[in-house]
Structure formats: C-alpha cells, structure tokens
Amino acid sequence: MKTKSYFILAFIVLGGLVSFISTPLGGPKCLGDDEYTLGLGSLGDYSLIKDYRINMKSGAEPQSFMISLKSGLKYRFLPIQNPENKKKMVLSIYMNQNKGMMLATSFNKATGKHYPTIDFASRTTGSFYIFFEMEDGEKGCGVGMFSVAN
Amino acid sequence: MSKTVMVGMILISFVLCGCSSSDGNSLEEEMNKVSKSKVKVSKEEIDQLIQSFSSPIETSMIIQNAGNKFNSELLLPTKKIDRFVSNYDKAMAMGAYGGDMGYINIYGKSFIAAEFLAAIRLLSIDLEIDRFFDFEDMIRMAKSASNIDSLQQISTESFNSMEKYLREKGRNELSVLIVFGTWLEGSYIISYIANSNLSEEMSNRVTEQKESVKKIYEILVANSEDNYFSNLAKQIKPLKELYMQVKIETIMREPEMKEVDGQLVFIDKSETKIITPDGILQKIIDETIRLRNNLLK
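Residues numbered from 1 in each chain as written. Chains lettered and ligands numbered in written order. Predicted model: local features only at pLDDT ≥ 70, side-chain atom pairs only at ≥ 80, totals over all residues.

Points about the overall build of chain A
Point 1. Of the regular secondary structure elements, chain A holds two helices and 10 strands.
Point 2. When its helices and strands are written in sequence order, chain A yields α-α-β-β-β-β-β-β-β-β-β-β.
Point 3. Considering chain A as a whole, with its 150 residues, one finds that 37% of them fall into the buried category.
Point 4. By sequence separation, contacts in chain A at least 24 residues apart represent 79% of the contacts at least 6 residues apart. (Helix = DSSP H or I, 4+ residues; strand = E, 2+ residues; numbered from the N terminus. Buried ≥ 20, exposed ≤ 12 C-beta atoms within 10 Å, placed from the backbone. Contact = placed C-beta atoms within 7 Å.)

Thoughts on the overall build of chain B
Point 1. Of regular secondary structure, chain B possesses 12 helices and four strands.
Point 2. Residue pairs at least 24 apart in sequence account for 73% of intrachain contacts in chain B once pairs closer than 6 positions are excluded.

Here we look at the packing of helix α8 (residues 172–196) of chain B against helix α9 (residues 200–207) of chain B
Residues and elements named next belong to chain B.
Point 1. Where α8 meets α9, the closest approach of the two axes is 9 Å, and the angle between their N-to-C directions is 145°. The interaxial crossing formed by α8 with α9 has left-handed handedness. Where α8 approaches α9, its residues I190, S191, I193 and A194 are matched on the opposing element by M202, S203, R205 and V206.
Point 2. By residue class, the composition of the contact of α8 with α9 is five nonpolar, two polar and one charged. (Axes fitted to C-alpha atoms, helices over the stretch in contact; angles between N-to-C directions. Left-handed = near helix turned anticlockwise from the far one by under 90°. Nonpolar A, V, L, I, M, F, W, Y, C, P; charged D, E, K, R; others polar.)

Observations regarding unusual backbone geometry
Point 1. Within the chain, K99 of chain A stands out as a residue other than glycine whose phi angle is a positive 75°.
Point 2. Looking at where K99 of chain A falls in the secondary structure, it is placed in strand β5 (residues 99–105).
Point 3. By C-beta crowding, K99 of chain A is classed as partly exposed, having 13 other C-beta atoms within 10 Å.
Point 4. Notably, D261 of chain B is not glycine yet its phi reads approximately 50°, a positive angle.
Point 5. Among the secondary structure elements, D261 of chain B is positioned in the loop between β2 (256–260) and β3 (263–267).
Point 6. Look at D261 of chain B and you get exposed, because 5 C-beta atoms sit within 10 Å.

Observations regarding helix α11 (residues 227–244) of chain B
All names here are of chain B.
Point 1. If you check α11, its first and last C-alpha atoms are 25 Å apart, about what 18 residues at 1.5 Å a residue would give, namely 26 Å.
Point 2. At K237, α11 is deflected by roughly 40°, the largest bend along its length, and proline P238 occurs up to four residues later in sequence.
Point 3. Taken together, the buried positions of α11 are occupied by Y228, F229, L232, I236, L239, L242 and Y243.
Point 4. In this fold, the buried residues of α11 make contact with α4 (87–106), α10 (210–222) and α12 (280–296). (Expected span 1.5 Å × (residues − 1). Bend = angle between axes of the 7 residues up to and from the residue.)

Focus: the nonpolar core
Point 1. Formed by 97 residues in total, the largest nonpolar core has its most connected members in F77 of chain A together with Y97 of chain B.
Point 2. Of all the elements, α8 of chain B adds the most residues to this core, at 13 residues.
Point 3. Once residues lying within four places of it in the same chain are set aside, the contact partners of F77 of chain A are L91, I93, A104, I118, F120, G144, M145 and F146 of chain A. (Core = buried A, V, L, I, M, F, W, Y, C linked by C-beta atoms within 7 Å.)

Overview of the packing of helix α7 (residues 148–168) of chain B against α8 of chain B
Residues and elements named next belong to chain B.
Point 1. For the pair α7 and α8, interaxial distance at closest approach is 7 Å and the crossing angle is 145°. Residue-level contacts link E163, L166 and R167 of α7 to N172, L174, S175 and I178 of α8.
Point 2. Here the residues of the contact of α7 with α8 are counted per class, giving three nonpolar, two polar and two charged.

Brief notes about the environment of N160 of chain B
Residue and element names in this part refer to chain B.
Point 1. Positionally, N160 belongs in helix α7.
Point 2. C-beta crowding within 10 Å serves as the criterion here: with 17 such atoms nearby, N160 is assigned to the partly exposed category.
Point 3. C-alpha of N160 to C-alpha of F132: the two residues are 28 residues apart in sequence and 9.2 Å apart in space.

A few points about the pairing of β3 of chain B
In the case of a regular strand, side chains alternate between the two sheet surfaces.
Point 1. Taken together, the four bridges between strand β8 (residues 118–121) of chain A and β3 of chain B define a ladder with parallel strand orientation. If you follow A121 of chain A over to β3 of chain B, its bridge partner there is I267 of chain B.
Point 2. Bridging between β2 of chain B and β3 of chain B involves five bridges; their strand directions are antiparallel. Counted as the bridge partner of E256 of chain B is I267 of chain B from β3 of chain B. (Pairing = 2+ DSSP bridges.)

Looking at the confidence of the model for chain B
Any residue range with low pLDDT should be treated as having predicted coordinates unsuitable for detailed reading.
Residues and elements named next belong to chain B.
Point 1. For chain B, the mean per-residue pLDDT works out to 85, and 83% of the residues sit at or above 70.
Point 2. Helix α1 (residues 2–33) is the least confidently modelled element of chain B, averaging 40 in pLDDT, while α12 averages 98, the highest of any element.
Point 3. Contacts of residues 1–36 to residues separated by more than four positions or lying in other chains number 17 contacts, the stretch itself having pLDDT below 50.
Point 4. We note a pTM of 0.82 for the whole complex and an ipTM of 0.81 for its interfaces. (pLDDT = per-residue confidence, 0-100.)

Examining the environment of M134 of chain A
Residue and element names in this part refer to chain A.
Point 1. By secondary structure assignment, the location of M134 is in strand β9 (residues 126–134).
Point 2. Given 23 C-beta atoms within a 10 Å radius, M134 is considered buried.
Point 3. Non-local contacts of M134, meaning those with residues more than four positions away in its chain, are made with M56, K87, M89, K139 and G140.

A look at the sheet that holds β5 of chain A
All names here are of chain A.
Point 1. Ordered by their spatial adjacency, four strands build an open sheet running β2-β9-β4-β5, and the pairing between neighbours is antiparallel. Strands at the two margins of the open sheet, each flanked by one partner only, are β2 (63–69) and β5. In this sheet, neighbouring strand axes are inclined to one another by 35° on average, regardless of whether the strands run parallel or antiparallel.
Point 2. Examined bridge by bridge, strand β4 (residues 89–96) and β5 share four bridges and lie antiparallel to one another. Paired with Y94 across the two strands is M102, which belongs to β5.

And the structure:
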C-alpha cells in the first residue's frame with residue numbers, strides 16, 4: 001500500500017518536472033499551436049507566407065529573421081500573443097539587421113498601444129528583417145505571421 | 001522500500017523519455033539512411049538564402065496583379081517524371097512544381113492541381129520527405145474549386161515544414177535546390193510573359209530578380225566542391241553577368257503610418273529606379289528561359 005503511494009507521488013513529481021522542462025520558460029506552454037490556429041483565423045483575405053514560433057526568456061535579445069518583400073504587394077503581419085504573457089510581444093520590420101530605419105511595428109511607443117495586426121503596403125522589392133521582442137524584456141512567447149493580400 | 005521507489009522512478013523516467021523522443025529517434029534513423037553529402041553550406045547562409053526568396057504565392061500574385069491571364073503551357077510538364085534521376089534533380093524539380101502550384105492556386109485552377117500534386121508526391125517519396133504532405137487531403141481539395149484557399153494554405157504549410165525539417169537535419173543541399181527550383185520556375189514564368197508583353201511592370205519584375213540571382217550564384221560557388229553545384233554555378237553564371245549590368249537604386253523613406261478601423265497601416269514611401277542598358281533585358285529573358293528549359297524541362 002505504501003509502495004503504491006510512493007509510486008503515485010513519484011509519478012506526479014516526475015510528471016511535473018517533465019512538464020516544467022518541456023516549457024523552457026517554466027511558465028506558459030509555448031508550443032504555439034493554439035496561437036497559430038488563432039492567427040490563421042485572423043488572416044481574412046490574406047495568404048500565409050511564413051510563421052515564426054517565438055519563445056523568449058527574460059531579458060533575451062530580440063529575435064530577427066530575413067524576409068523578402070515585393071513592390072506592389074500588401075502585406076499583413078500578426079503578433080499572436082500567448083495568453084499567459086505578462087507583457088506583449090512586439091513585431092517590427094526594419095530595413096536591416098542592425099535595425100536602421102523602421103518600416104512598421106505593432107507597438108506605438110507614443111501612445112503605448114499594441115495592435116493585433118499591421119499592414120504594410122510595399123513599394124520596394126528587397127530583403128528586410130522582421131524582429132520579435134517582448135515589451136520591457138519580459139519573458140513570453142507567441143507566434144508571428146507574415147502574409148500577403150489576395 | 002526505497003529501492004522499489006527508485007526502480008519505479010527510473011522506469012517511469014524511461015517511459016516518459018521514450019514517449020517524448022520516439023519521433024525524433026525515428027527521424028534521425030531515417031536521415032542517417034540518406035548518404036552524407038560533400039556539400040557544406042552553413043545553416044546561417046541557408047537561412048538567409050531561403051528567407052530572402054519570395055514565396056511562389058507572391059510571385060504569382062505579381063503576375064496576376066499585372067493583368068496577365070493564366071497560361072497552362074507555361075507549367076513544367078508532369079509527364080516523364082523519371083527524367084529527374086538524382087536526388088539533386090528531384091529536389092530542384094520538386095521546388096519547381098511547388099512554384100507551379102503557387103501559380104495554379106492563385107489563379108484558382110484547381111482542376112489541374114491534382115497532376116502536379118501527383119508529381120510532387122512521387123518526388124517527395126524518393127526524397128523521403130513525403131510525410132510533410134497530406135496528399136490524399138490535398139488531392140481531395142484540388143478536386144473541388146471551393147477548396148482552393150485551403151489547398152493553397154496546406155501547400156504553403158507543407159513546404160514550410162519540409163524546408164524547416166531539411167535545414168534542421170543538415171540536408172541543406174536539398175533545401176537550397178528546392179528553393180532554387182521554385183525561384184527558377186517563377187522567374188521563367190515572369191520572363192516568358194514579359195517576352196510577349198514587355199510592359200514597364202513586367203520589365204521591372206524581370207530586373208528585380210537581380211538580387212536573387214546574385215545570392216543563388218554565391219551559394220552555388222561556395223559549394224562548388226560538389227560537381228552538381230559547380231555545374232549549376234557554371235550554368236547560371238551568364239545570367240548573373242547579364243544582371244550585373246542592371247543598376248537598381250532604392251531611395252528609402254520613412255513610411256506613412258495611420259490607424260484604419262483599429263488597425264495600423266504603414267504605407268511605403270520609398271522609390272526604386274532601375275536602369276537597364278539597351279538590349280540587356282531581352283538577353284536576360286532569353287537566358288532565363290534557356291536556363292529553366294535546360295535544367296528542368
């Protein structure tokens with residue numbers, strides 16, 4: 001009887017440990033599948049090009065990825081937040097990897113307002129960078145989506 | 001008693017670890033079956049390259065937005081698929097058929113998508129990457145015109161997952177060739193259309209391929225110790241040299257920002273000037289068509 005109790009206890013402890021390890025932040029589950037599904041539902045008349053699964057530790061550097069934009073096309077970018085994020089994930093587009101000129105962002109610093117989608121009407125063909133960072137360097141996760149208007 | 005608990009915990013650990021990593025192990029084993037290539041392309045280079053190429057959807061949209069009608073004669077023939085012999089040939093062909101799928105989907109021509117999916121299926125089986133495609137579902141979608149949006153989405157997701165997997169598993173050379181095939185097919189369609197309709201819009205679409213050609217040439221040269229890549233670099237070199245004569249100047253300007261119905265909209269205010277010496281554009285078009293037909297048809 002006592003052995004059985006130990007087994008149950010061990011199972012609970014180990015299960016919790018595995019669950020903790022599988023979520024690197026030790027907080028919200030960051031697989032991104034739910035956010036991805038949510039994002040697809042918000043695309044409307046836009047077609048998905050690429051998605052980015054973002055998972056950031058506290059104080060982490062922004063994550064960046066090269067993207068290509070074509071003149072004459074209208075793009076939509078979505079930062080989809082994990083519901084357990086304490087602060088919002090910010091999505092921004094910059095001219096180069098050193099940031100340089102900012103072309104678009106989901107966070108308006110002047111008003112402190114976050115936007116669930118940003119649209120960018122491109123007049124330039126070339127390579128740019130999409131950046132993801134958590135507001136105030138908080139830990140958190142989410143999914144970024146890059147789509148083009150049909 | 002404590003020994004029993006210890007044994008129990010170890011057993012539970014094995015069961016849990018086994019559950020979480022069984023997929024990874026089988027994938028590893030499968031990848032080990034594939035012979036190692038001599039090609040050494042750094043992950044960073046591949047990531048940069050792949051992410052800097054437009055998707056087939058974008059390429060097809062600019063063709064459609066320019067008012068061009070769908071032309072099935074432009075598509076890569078799906079018959080005699082066995083003309084693609086090596087895995088490298090197959091990867092490049094798979095990319096090209098993926099490019100054609102983008103063109104077919106954007107124009108909503110689902111009735112011809114099934115034969116392209118069949119070609120992609122055969123190639124992906126040979127390359128051992130068929131698990132990323134739910135072909136039955138995709139062919140079912142292709143048979144119904146109302147499902148074209150879903151087919152487009154599932155095609156994009158499948159290709160994205162496959163590329164990510166290849167890169168993560170160190171099969172960069174296949175990844176490069178798939179991207180190269182997609183780009184070449186898209187450039188071919190643009191060039192073919194521009195050949196008969198040399199509007200300013202289509203001329204710009206041809207010349208804006210300059211950056212892509214430069215990047216693909218650089219990565220092929222960097223891996224020219226592999227004969228296949230060396231041969232590709234030689235074949236694309238004349239096109240790269242033609243593009244060297246095209247001057248593209250972009251004046252970047254701060255975009256205009258406005259809020260529309262609660263959404264943030266940015267309007268690009270940049271300007272691009274393209275200067276192409278007389279006769280060069282036609283040579284680029286001819287060379288692109290020649291290259292695609294030589295490598296894929």
